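Structural features, examined
Here is how the chains run, residue by residue.
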Amino acid sequence: MTPTPKLETRNLGRVVDGDRLLEDVSVSIPESTVLVVVGPSGAGKSSFLRLLNRLDEPTEGTVLLEGEDYRNLPPRDLRKRVGLVPQDPALVPGTVFENVARGPLLRDESIDETHLPELLERLGLTGYEDRDVEELSGGEKQRVAIARTLLNDPDVLLLDEPTSHLDSKAEERVEALLVDLIRELDLTVVMVTHDEDQARRIGDHVLILRDDRVDRVGPVEEVLA
Amino acid sequence: MDTVLEEFLEQFTDPVLLTGLAQVAVAAVLAALVVGLSHLRGLTLERELAVALVRGLVQIVAMGSIVGVLLTVDFVWSGVILLGMMIGATWISKNRGEGLPGVVRVSFVAIVFGSGLVIVTMTLAGAIEATVRNLVPVGSMIIANAMQINSLALDRFKSEIASNRAEIEAGLALGAPPTAVISRHVETGVQASLIPVIDSLKSLGWVWIPGIMAGMILAGENPIYAALYQFVIMAMIFAAGGLTSMTSSLLIGKYVFTDAEQLRDVETDSSS
Ligand SMILES: Nc1ncnc2c1ncn2[C@@H]1O[C@H](COP(=O)(O)OP(=O)(O)OP(=O)(O)O)[C@@H](O)[C@H]1O
Ligand SMILES: [Mg+2]
């Protein structure tokens, strides 16, 4: 018997007002693996990630987290466990600290005094706590957004094109940080990218979406050969 | 019923109406002068001006007749009349908040709660005389302002949500409670809605002498009492408006999320 995948989608789909955003996606993500999602613009990649975090409601099929239908979990618990770094970092006006700690601040929880500095260090943001996010570069903003999600200690990390708005130097830096994070924290990841080379470097499995549907899915070395 | 009708008809035979008509005639001559001037200046506005003047006169006299009827009915009817006004106010507010989920229910509850609480409290406290003659006009002023403030709050809240969608969803994606994620935008809506009332409170007395005070002075009241009563009215408007916009923002802040705590679509039209 194969172990229960960390995350699994079953015939997942969504239609809004007659517009189809995604259709019939069934894929499983074993623990500690990285699934990369590639496909042309408008193929439904962001729609897929939003469904995994339940920011949108599936109109067809569902998602299983460790074998359990995620609609049976309280949405806030699910979102802490399956953390999304959105395509747009969408930082709030304020300092780096206020943004990285936004989860516990909004939930009115205390902030872990060791976890937060450790995360800042991992993301190369030590000493940035009091900086105004307005002054940050694109790469720095993206790293703040990643730290913000990781502070929740998610079981699964969802990344939506984390390097796509960055210049090539910042892109390299963020990608290298991600590779280290994934290895050191032993993360289960679903990452959207439009860059097939990046998909090869980071992914274990790849899902190719085209016109809101699965085009191909399988191990990176087979599918993106 | 006969006496009510008699009382109503009496209003039209009141000799004061003759004085009124004479005054209208003088004002009309002045207005006609302006219409004539605009014609001479080639403004081609005279038709519109004339229509506006006649229309205004007819509307306001019709309104006066309705108030005349209202003044003859029993005190308990004032509740029904005010409720009718609240429904009308909800209807108008609805257009402002168009595209926000649950906007009609939210506006109705907020306007009834905000203006109702103030009207009832002030009536019980004796600041509004418990007669139709007092309750209806003062109540309608409070309701109209609550409506305006409610519309402003909803309008602002709607554009806040539309322009901060990414930020709100990023907060939700962290597993944060929707009310906490949205509270900043709720506050912005309430603050924006109260700016006009706060400004008129500030300018009270030196930029403008508001209608009630002017009317009371014209009617021969002690000007200081008229001033005090005007302040009471402004304070009531402020209180009712504040309660209304806080209520509607809080409620709408719940309606914009689904049961699974997802941000609903908020349709914004091109005009806003
Ligand atoms: N709320 C919505 N209502 C209707 N259509 C939508 C909605 N959200 C997205 N879409 C449409 O669904 C399709 C898929 O969008 P999605 O954002 O998932 O694409 P994507 O693969 O992430 O593209 P990109 O690479 O440009 O980010 C697009 O055609 C988009 O316009
Ligand atoms: Mg996308």
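For the structure, see preceding data.
Just so you know, these numbers come straight off a predicted model, no measurement behind them.

**Focus: the interface of chain B and chain A**
- Across the contact, 18 residues belong to chain B and 24 residues belong to chain A.
- Interface area for chain B against chain A, summed over the two sides, is near 1,800 Å², with a carbon-plus-sulfur share of 55%.
- Glu 169 of chain B serves as the salt-bridge partner of Arg 50 of chain A, at 2.7 Å between the closest nitrogen and oxygen.
- Taken together, chain B and chain A are joined by 10 residue pairs in polar contact (both at pLDDT 80 or more).
- Secondary-structure elements contributing two or more residues to the side of chain B that touches chain A are helix H7 (165-173) and helix H8 (178-203) of chain B.

**Regarding the coordination of the magnesium ion (ligand 2)**
Residue and element names in this part refer to chain A.
- Surrounding the magnesium ion (ligand 2) are the protein donor atoms Ser 46 (OG) and Gln 87 (OE1), which sit 1.9 to 2.3 Å from the metal. Placement of the pair is Ser 46 in helix H1 (residues 45-52) and Gln 87 in the loop between strand E6 (82-85) and helix H3 (96-100), with a sequence separation of 41 residues.
- Taking relative accessible area as the criterion, Gln 87 reaches 28% and is therefore assigned partly exposed.

**As for a nonpolar patch on the surface**
Residues and elements named next belong to chain B.
- On the surface, Leu 83, Ile 87, Phe 108, Val 109, Phe 113 and Leu 117 cluster together into a nonpolar patch covering about 500 Å² of accessible area.
- Among the elements that make up the nonpolar patch, the one with the highest residue count is helix H5 (residues 103-124) (4 residues).
- With respect to the element layout, Leu 83 can be found in helix H4 (residues 77-96).
- What makes Leu 83 partly exposed here is its relative accessible area of 41%.

**Here we look at the sheet that holds strand E8 (residues 188-192) of chain A**
Residue and element names in this part refer to chain A.
- One open sheet accounts for 6 strands, arranged E6-E7-E8-E3-E9-E10; its pairing is mixed. Because the sheet does not close on itself, it has two edges, and the strands there are E6 and strand E10 (213-219). Ignoring strand direction, the axes of neighbouring strands in this sheet form an average angle of 15°.
- Here strand E7 (residues 156-160) pairs with E8 via 5 bridges, running parallel.

**Examining the packing of aromatic side chains**
- Scanning all chains against the criterion turns up 1 aromatic pair over all chains.
- Here Lys 94 of chain B stacks its cationic end above the ring of Trp 91 of chain B, 4.3 Å away from the centre of that ring.

**Regarding helix H6 (residues 138-150) of chain A**
Residue and element names in this part refer to chain A.
- With 13 residues, H6 ought to run about 18 Å at 1.5 Å a step, and its terminal C-alpha atoms sit 19 Å apart, in line with that.
- For H6, the buried fraction is high: 11 of the 13 residues fall into the buried class.
- When we look at burial in H6, the residues that qualify are Gly 139, Glu 140, Gln 142, Arg 143, Val 144, Ala 145, Ile 146, Ala 147, Arg 148, Thr 149 and Leu 150.

Rules of the game
- Residues numbered from 1 in each chain as written.
- Chains lettered and ligands numbered in written order.
- Predicted model: local features only at pLDDT ≥ 70, side-chain atom pairs only at ≥ 80, totals over all residues.
- Heavy atoms only, no water.
- Contact = heavy atoms within 4.5 Å.
- Buried area = accessible area lost by both parts, 1.4 Å probe.
- Salt bridge = Lys/Arg side-chain N within 4 Å of Asp/Glu carboxyl O.
- Polar contact = N/O pair within 3.5 Å; in protein donor to acceptor, adjacent residues only side chain to side chain.
- Helix = DSSP H or I, 4+ residues; strand = E, 2+ residues; numbered from the N terminus.
- Donors = N, O, S within 2.8 Å, 3.2 Å for Na, K, Ca; no water.
- Buried < 20%, exposed > 50% of the residue type's maximum accessible area, 1.4 Å probe, protein only.
- Patch = residues over 30% accessible without salt bridge, like charges linked within 9 Å, V, L, I, M, F, W, Y side chains within 5 Å.
- Areas by Shrake-Rupley, 256 points an atom, 1.4 Å probe, with all protein chains shown as cover.
- Pairing = 2+ DSSP bridges.
- Axes fitted to C-alpha atoms, helices over the stretch in contact; angles between N-to-C directions.
- Phe/Tyr/Trp six-rings, centres within 6.5 Å; stacked < 30°, edge-to-face > 60°.
- Lys NZ or Arg CZ within 6 Å of the ring centre and 35° of its normal.
- Expected span 1.5 Å × (residues − 1).

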